[in-house]
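Descriptive structure summary
Read off the chains here:
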Protein chains: 2
Amino acid sequence: MVLLRRVLGDELRNQRLRQGRTLREVSAAARVSLGYLSEVERGQKEASSELLASICSALEVPMSVVLRSVSDEFALSELSESVASEVAAVPVEVPPRSTVVASAA
Amino acid sequence: MVLLRRVLGDELRNQRLRQGRTLREVSAAARVSLGYLSEVERGQKEASSELLASICSALEVPMSVVLRSVSDEFALSELSESVASEVAAVPVEVPPRSTVVASAA
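This text gives an overview of the structure that appears in the document. Keep in mind that what you see is a predicted model, and the values were worked out from it rather than measured.

Rules used in this analysis
- Residues numbered from 1 in each chain as written.
- Chains lettered and ligands numbered in written order.
- Predicted model: local features only at pLDDT ≥ 70, side-chain atom pairs only at ≥ 80, totals over all residues.
- Heavy atoms only, no water.
- Axes fitted to C-alpha atoms, helices over the stretch in contact; angles between N-to-C directions.
- Helix = DSSP H or I, 4+ residues; strand = E, 2+ residues; numbered from the N terminus.
- Parallel < 35°, antiparallel > 145°, perpendicular 65-115°, else oblique.
- Left-handed = near helix turned anticlockwise from the far one by under 90°.
- Contact = heavy atoms within 4.5 Å.
- Nonpolar A, V, L, I, M, F, W, Y, C, P; charged D, E, K, R; others polar.
- Salt bridge = Lys/Arg side-chain N within 4 Å of Asp/Glu carboxyl O.
- Buried < 20%, exposed > 50% of the residue type's maximum accessible area, 1.4 Å probe, protein only.
- 1 Å grid on protein atoms, 1.4 Å probe; cavity = no way out; pocket = protein on both sides within 12 Å on 5 of 7 lines; lining within 4 Å.
- Points joined across faces, edges and corners; volume = space filled by probe spheres on them.
- Least-squares fit on C-alpha atoms with pLDDT ≥ 70 in both.

1. Digging into the packing of helix 5 (residues 63–89) of chain A against helix 5 (residues 63–89) of chain B
- Closest axis-to-axis distance for the helix 5 of chain A/helix 5 of chain B pair is 8 Å, and the angle between their directions is 165°. On the basis of the axis angle, helix 5 of chain A is roughly antiparallel to helix 5 of chain B. In terms of crossing hand, the pair formed by helix 5 of chain A and helix 5 of chain B is left-handed. Residues M63, S64, L67, R68, V70, S71, D72, F74, A75 and E78 of chain A of helix 5 of chain A form the contact with helix 5 of chain B, whose participating residues are M63, S64, L67, R68, V70, S71, D72, F74, A75 and E78 of chain B.
- Tallied by class, residues from the contact of helix 5 of chain A with helix 5 of chain B come to 10 nonpolar, 4 polar and 6 charged.

2. Some details on the pattern of salt bridges
- With the rule as written, the count across this model stands at 14 salt bridges over all chains.
- Two residues, E39 of chain A and K45 of chain A, come together in a salt bridge whose shortest N-O distance is 3.3 Å.
- We classify E39 of chain A as partly exposed; its relative accessible area is 26%.
- Its relative accessible area of 36% is what places K45 of chain A among the partly exposed residues.
- With its nearest N and O atoms 3.9 Å apart, the salt bridge here joins R21 of chain B to E25 of chain B.
- Of the residues examined, E25 of chain B reaches a relative accessible area of 41% and is grouped as partly exposed.
- Among the ionic contacts, a cluster of salt bridges with common partners joins D10, R13, R16 and E41 of chain A.

3. Concerning the environment of L12 of chain B
All names here are of chain B.
- Structurally, the position occupied by L12 is in helix 1 (residues 4–18).
- Considered as a pair, L12 and L37 are 25 residues apart in the sequence and their alpha carbons are 9.4 Å apart.
- Among residues more than four places away in sequence, those in contact with L12 are V40, E41, L52, I55, C56, L59 and V66.

4. A word on helix 3 (residues 34–41) of chain B
Residues and elements named next belong to chain B.
- Regarding helix 3, the residues found buried are Y36, L37, S38, V40 and E41.
- Buried-residue contacts for helix 3 involve helix 1, helix 2 (23–30) and helix 4 (49–58).
- Following helix 3 by one or two positions, G43 adopts a phi angle in the positive range, close to 70°.

5. Comments concerning the layout of surface pockets
- Space inside the largest pocket adds up to approximately 310 Å³.
- Contributing elements (two or more residues each) for the lining of the largest pocket: helix 4 (49–59) of chain A together with helix 5 of chain B.
- Top contributing element to the lining of the largest pocket by residue count: helix 5 of chain B, with 5 residues.
- Classifying every residue of the lining of the largest pocket by side-chain character gives 8 nonpolar, 4 polar and 2 charged.
- E78 and E81 of chain A together with A53, P62 and M63 of chain B are the residues nearest the centre of the second largest pocket, which is lined by 14 residues in total.
- A class-by-class count of the residues in the lining of the second largest pocket yields 8 nonpolar, 3 polar and 3 charged.

6. A closer look at the relation of the copies chain A and chain B
- Rotating chain A by 180° and translating it 0.0 Å along the rotation axis places it on chain B, where the RMSD comes to 0.1 Å. Such values leave the two copies arranged in the relation of a two-fold axis. By C-alpha distance to the rotation axis, the residue of chain A lying nearest is R68 of chain A, at 2.9 Å.
- Of the interface residues in chain A, 100% have counterparts in chain B that sit at the interface too, so the contact is made through matching surfaces.

7. With respect to helix 4 of chain B
- Of the residues making up helix 4 of chain B, those classed as buried are S49, L52, A53, I55, C56 and A58 of chain B.
- Its buried side turned inward, helix 4 of chain B meets helix 1 (4–18) of chain A together with helix 1, helix 2, helix 3 and helix 5 of chain B.
- Two residues or fewer after helix 4 of chain B comes E60 of chain B, characterised by a positive phi angle close to 55°.

8. Side note on the side chain of S27 of chain A
Residues and elements named next belong to chain A.
- Here S27 is to be found in helix 2 (residues 23–30).
- A relative accessible area of 4% means that S27 is categorised as buried.
- If we ignore the near neighbours within four places in the chain, the residues touching S27 are V32, S33, L34 and L37.

Laid out in structure tokens, this is it:
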């Protein structure tokens, strides 16, 4: 199952890396601890709405942009799940085992 | 400040009401308590990623759709905040007080 905190964490980390900024810089600007930001980026902690707003503000990225990107990521994974379940639903025809065997003759 | 849990709560409630379903029905389908779902809908509680997925699944709405709608809502409020700050930045010229006064003569 794709979890919001994972996709959100990836997006926040990507935004930070795109700007060439360190965890230390962004956590200081967002007034959150470095450990907390790191856990949020790795999808290990749910960011509260207030802290998420603070992190986005520190990254100077509108929340709408972050959420749009997260939504797109979910759409992609929903699509691949749906394709996977359709593929799984198609009966696979197993060809009869060939009676021809390799011969060294 | 616009908070994710408020916008998300509104969106989940709108989805439920559009389907004409009760808090009781959706909370049972999502296996969350009615009180919890109600608090999430009112933006009073942060839904964990797992429970959010469970609520979306109970509503049969993909997470991508919910998040896209939430992103659009943020975009609108960011736009209106930016317009408001531009309007505030324009110096207002106060016209000189008119010396003509109404006369009963």
